[in-house]
Amino acid sequence: MSEIRFLAYYLPQYHPIPENDEWWGKGFTEWTNVAKAKPLFRRHKQPKLPADFGFYDLRLPEIQEKQSELALDYGIDGFIYYQYWFGGDKYLLERPAEQMLENKKVKIPFCFCWANETWKGIWHGVESPDILIEQEYGEDLDYRQYFDYLLPFFKDERYIKVGNKPMFHIYRIDDIPNLEHFLELFNFWAIQEGFNGVYFVATIVNNIDFIKSNEFIFGQVGIDIFRRMRYNQDTWFKNGSFLNRIEMKYKSLIGYTNKIGERRRPLIFDYKKGVKLLSQDIPHKKYIPCAFPNWDNSPRSGKKSLIFKNATPNAWKEHLDHMIRILKSKPENPQIIIIKSWNEWAEGNYLEPDQEFGISFLKVIKELKLTQKN
């Protein structure tokens, strides 16, 4: 039986860019929200502060080198870099990946997740109605330019490949106009370059039947339930049974939500109960599960946040071990677990050492990985 590989999302946001300077103020990065976070209820632990690497700046190459060493030492098999292409020649936060490509001291394997989503200000902790930058999709020429940008990464020996196919995640695959044509183009160009195609992984998918039947798309990262918990929890009540609508009305009366179901208070789950909702059985053979060590996005979202309280290394170990057992019972599935995330600090979602638990979350991965080999 194949050993399970652990791939962790990697946020390249920790350096100033002109656009963030304009939108949020000079020098804005993810750390801006992290540092100003405050507790929202009794025993709420905020701010959550980094330990070993401090408030790092990804313009410094030694940071990525140290991240790579630490991740590999503790059982992470690769990083999934969020990658932001908005159409045409517009990229944001591309510097860390480009810098890493040239720096062979960064040993950890990597791949990309094209985060194809319009930005509306969530990094500053507000749900701004104003569009900061819109995700656009062009013609074949635009896609060709994008593919050519990705190609040096695909050809790098560190880039994660499956069956000589570069792994390429897409966040919102259903948003791509004429999706099948896009997939055909990327596969055709990849074959021209000596690959066997592209190994697509769809993060959020509405049309599961298309995923199951299409030879080009492989996988669905299991975070859709989490997405609904985070963003659309109250719509479950609106569209549910009579009792659920009564519950929504009650929440409105006590001030938990307003009359249209928008939250006025954080949505709080005990970590074990929260991740239990995420640890569903594997629904089909192309499914790749996703594990969450922790979550508290109050630094970004304030009272509209989702918080998993009591997220400890021991609880994380229980969650991850459960997901490993489920995946091992499905040997026909890709033996991969996605971890969200390595370093999304303002979402309270990270594996990097912090001042409360140090490297304990990473130790869990190393321990469970060693258990697989025994």
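Quick notes on the rules
Residues numbered from 1 in each chain as written. Predicted model: local features only at pLDDT ≥ 70, side-chain atom pairs only at ≥ 80, totals over all residues. Heavy atoms only, no water. Helix = DSSP H or I, 4+ residues; strand = E, 2+ residues; numbered from the N terminus. Contact = heavy atoms within 4.5 Å. Salt bridge = Lys/Arg side-chain N within 4 Å of Asp/Glu carboxyl O. Buried < 20%, exposed > 50% of the residue type's maximum accessible area, 1.4 Å probe, protein only. Pairing = 2+ DSSP bridges. Right-handed = clockwise from strand over helix to strand, strands pointing away. Phe/Tyr/Trp six-rings, centres within 6.5 Å; stacked < 30°, edge-to-face > 60°. Lys NZ or Arg CZ within 6 Å of the ring centre and 35° of its normal.

1. So, the environment of Leu101
Its location among the elements puts Leu101 in helix H4 (residues 95-102). Setting aside residues up to four positions removed in sequence, Leu101 forms contacts with Phe110, Pro152, Phe153, Asp156 and Arg158.

2. Focus: the pattern of salt bridges
For the coordinates displayed, the defined rule picks out 19 salt bridges. The residue Glu117 makes a salt bridge to Arg172 at a minimum N-O spacing of 3.4 Å. Of this pair, Glu117 sits in the loop between strand S4 (110-114) and helix H5 (140-155) while Arg172 is found in strand S5 (residues 167-172), placing the two residues 55 residues apart along the sequence. As a salt-bridge pair, Lys340 and Glu344 come within 2.8 Å of each other at their nearest N and O atoms.

3. Quick look at the environment of Lys120
Note that Lys120 resides in the loop between S4 and H5. Taking relative accessible area as the criterion, Lys120 reaches 42% and is therefore assigned partly exposed. Note: C-alpha distance between Lys120 and Ile131 (11 residues apart in sequence) is 4.9 Å.

4. A closer look at the pairing of S5
When you tally the buried positions in S5, you get 5 out of 6 residues, the bulk of the element. Two strands pair when backbone bridges link them, and S4 and S5 are joined in this way by 3 bridges, in the parallel orientation. Looking across to S5, one finds that Cys113 is bridged to His169. Each parallel crossover has a hand, and the one from S5 via helix H6 (residues 179-192) to strand S6 (residues 199-204) is right-handed.

5. A word on the packing of aromatic side chains
Counted according to the given criterion, the structure contains 46 aromatic pairs. Here the aromatic rings of Phe186 and Trp189 are separated by 6.1 Å at their centres, their planes lie at 50°, and the arrangement is tilted. Taken together, the positions of Phe186 and Trp189, both in helix H6 and 3 residues apart, correspond to about one turn of that helix. Both residues of the pair, Phe186 and Trp189, count as buried. The ring centre of Tyr74 lies 5.0 Å from the NZ or CZ of Lys366, which sits over that ring.

These figures come from the coordinates and say nothing about function on their own.
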